[in-house]
Amino acid sequence: MAGKKKNTEVVSLQKYKRKGHLNIGTILFGIIFLYLVFTVLIYFTKDRVSVYEVREGSILKDRNLTGMVLRKETVVNAEKSGYVNYFVDDAQKVALGTNIYTITSSKLETQTDQDSNEEVSLNADEWNSILLKAQGFNESYSPEEFKTASNLKSEVTAILQNNTTQSRVAQLNSILQSGNVDAFQSPDDGIVELSVDGYENLTTDNITDEMFDKANYSVTELSGNQKIDAGQPVYRLVTDEEWTVTVRLTSDLAQTFQKKMNGEDSLSVEVRFLKDNKDLWGTMRLTEKKNDIYANITFKDSMIRYADERFVNIELILEDESGFKIPKTSVTEKDCYAVPIDYITSGGASQNEGVYRQTTKKGKTTTEFIPVTIINEDTESGIAYLDTENLKKGDTLLLPESSDTMDLLKTESIKGVYNVNKGYAVFKQVQILSESDEYYIIAEGNSYSLSNYDHIALNGDSVRDNQIVSQ
């Protein structure tokens with residue numbers, strides 16, 4: 001009996017053994033883990049759109065050249081021998097009949113000459129003139145053209161000597177009143193230059209390549225109290241405000257300007273003078289000699305700024321455009337319909353812009369309002385460019401409040417970029433003004449185009465209309 005009872009108890013223990021339970025926390029953790037893995041995989045495998053922020057910018061294309069200055073100028077020769085002294089400063093405007101110089105039999109001694117050991121006080125204009133000449137020498141100096149150092153010395157010496165003009169002129173006027181010397185007057189209105197270089201009669205017709213070689217160029221500076229013989233140059237008189245800068249062009253630069261001229265005989269160009277960073281507009285004409293092409297750029301003013309220069313270093317501005325600067329890779333093309341602006345109207349429940357489309361079936365004509373997306377409007381030509389969405393080739397459009405119609409027979413391809421400000425791609429037309437190797441400058445101010453700080457797709461060909469963009 002006792003043995004049977006023991007067996008029953010064992011069976012009973014096996015029957016009520018505990019069963020395992022499902023842990024809800026483990027399930028939730030697993031779901032979250034799988035979600036994270038899935039999200040990371042999508043992030044790294046999904047095509048992402050690189051974005052560029054539109055900013056204002058400019059593109060400047062120029063070419064540095066050395067030009068030769070041609071003017072209407074006359075060399076005036078001394079009427080007798082002796083020591084020359086001047087009543088006027090270098091680069092001073094004079095009128096017809098103004099006393100320019102006198103000739104004396106001996107040197108004149110001024111208070112400044114007597115006190116030669118004392119420091120010379122220069123005014124602001126004289127200091128500025130010396131600094132500009134030194135700057136020009138520093139920028140163009142070459143060991144092969146050491147003669148330019150001698151020219152600089154002569155130019156600075158002339159400025160220092162002209163510093164004594166006031167005392168010298170007072171002494172000359174006193175001598176004139178005594179009747180011991182004669183004064184010689186200007187034969188015309190103009191600007192007096194106290195230097196000569198032998199190129200005073202040079203014109204665009206007789207200029208040669210050899211003349212551009214500065215190694216063959218020399219200038220003679222004229223100053224007071226110099227011994228001079230009758231018939232020698234005593235000063236130079238520039239008599240016209242019109243002047244010309246002639247430069248030699250490379251073949252590619254000549255082709256660029258010939259293309260810009262488009263058959264015309266002249267072209268308006270912008271020139272920057274490196275001596276003082278002055279920008280001037282001139283009229284360019286091209287001439288050809290012995291297979292070389294020269295550009296003759298004529299100016300109507302500012303001649304006096306460079307009256308003492310025969311050679312000038314310039315920047316010839318080929319393009320100087322400002323606007324929005326965008327990468328070339330952003331620009332793509334899109335087909336659209338060109339429709340007269342008068343066909344665009346408002347309608348529908350939302351009063352959106354659209355067109356009236358006319359359809360004829362089984363002899364019955366119906367008209368319906370079709371919303372459209374305007375890509376751009378050209379007010380000058382009166383043309384609106386419409387997205388092809390909701391329209392198709394062969395559609396007939398009705399002019400509002402008229403019976404006139406037009407058929408959509410072909411599309412036009414226009415350049416533009418994809419704006420992604422709102423998280424999806426919207427095509428915006430652009431007007432290209434200028435370009436460099438990597439960027440375009442496009443026009444601003446169009447309500448249908450881009451604005452400053454807009455975000456656009458960096459690669460326009462990788463995006464489609466209304467595409468959701470992950471930045």
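Just above sits the structure.
Residues numbered from 1 in each chain as written. Predicted model: local features only at pLDDT ≥ 70, side-chain atom pairs only at ≥ 80, totals over all residues. Heavy atoms only, no water.

Asks: Would you explain a nonpolar patch on the surface in this entry?
Replies: A cluster of nonpolar side chains, namely Phe 29, Phe 33, Leu 34, Val 37 and Leu 41, defines an oily patch on the protein surface of about 540 Å² accessible area. Positionally, Leu 34 belongs in helix H2 (residues 24-45). (Patch = residues over 30% accessible without salt bridge, like charges linked within 9 Å, V, L, I, M, F, W, Y side chains within 5 Å. Areas by Shrake-Rupley, 256 points an atom, 1.4 Å probe, with all protein chains shown as cover. Salt bridge = Lys/Arg side-chain N within 4 Å of Asp/Glu carboxyl O. Helix = DSSP H or I, 4+ residues; strand = E, 2+ residues; numbered from the N terminus.)

Asks: Please clarify how the sheet that holds strand E3 (residues 82-86) should be interpreted in this entry.
Replies: Pairing between sheet strands relies on hydrogen bonds along the backbone, with the strands arranged either parallel or antiparallel. Strand order in this open sheet of four strands is E6-E5-E3-E10, and the pairing throughout is antiparallel. In this open sheet, the two edge strands, each paired with only one partner strand, are strand E6 (183-185) and strand E10 (226-228). Direction aside, neighbouring strands of the sheet carry axes that sit 40 degrees apart on average. Where E3 lies against E10, three bridges are found, and the strand directions are antiparallel. Bridged to Gly 82 within E10 is Ile 228. (Pairing = 2+ DSSP bridges. Axes fitted to C-alpha atoms, helices over the stretch in contact; angles between N-to-C directions.)

Asks: So what exactly am I meant to see when it comes to the environment of Gly 416 here?
Replies: Tracing the backbone through its elements, the reader meets Gly 416 in strand E24 (residues 412-419). Under the relative-accessibility criterion, Gly 416 is labelled buried at 0%. On a C-alpha basis, the gap between Gly 416 and Gln 429 in space is 3.9 Å, while along the polypeptide they are 13 residues apart. (Buried < 20%, exposed > 50% of the residue type's maximum accessible area, 1.4 Å probe, protein only.)

Asks: Sorry if this is basic, but what is going on with the packing of aromatic side chains here?
Replies: The way to describe two aromatic rings as a pair is by their centre distance and the angle between their planes. Per the counting criterion, the structure on display carries 12 aromatic pairs. Measuring from centroid to centroid gives 4.6 Å for Phe 273 and Tyr 306, while their planes differ by 20 degrees, and the two rings are stacked. Note that Phe 273 is positioned in strand E12 (residues 267-273) and Tyr 306 in the loop between strand E14 (292-299) and strand E15 (311-327), a separation of 33 residues in sequence. The class of Phe 273 is buried, set by a relative accessible area of 1%. Residue Tyr 306 is classed as buried on the basis of its relative accessible area of 1%. Pairwise contacts between aromatic rings join Trp 243, Phe 273, Phe 299 and Tyr 306 into one cluster. If you follow Lys 227 out to its NZ or CZ, it ends over the ring of Tyr 83, 5.9 Å from the centre. (Phe/Tyr/Trp six-rings, centres within 6.5 Å; stacked < 30°, edge-to-face > 60°. Lys NZ or Arg CZ within 6 Å of the ring centre and 35° of its normal.)

Asks: What is the right way to look at unusual backbone geometry in this model?
Replies: Keep in mind that most residues, glycine aside, have a negative phi and that most peptide bonds are trans. Residue Asn 277 is not a glycine yet carries a positive backbone phi of 55 degrees. Considering the arrangement of structural elements, one finds Asn 277 in the loop between E12 and strand E13 (278-289). Residue class for Asn 277 comes out exposed when judged on its relative accessible area of 55%. Phi is positive for Lys 362, close to 50 degrees, though the residue is something other than glycine.

Functional significance is not addressed by these values, which are geometric in nature.
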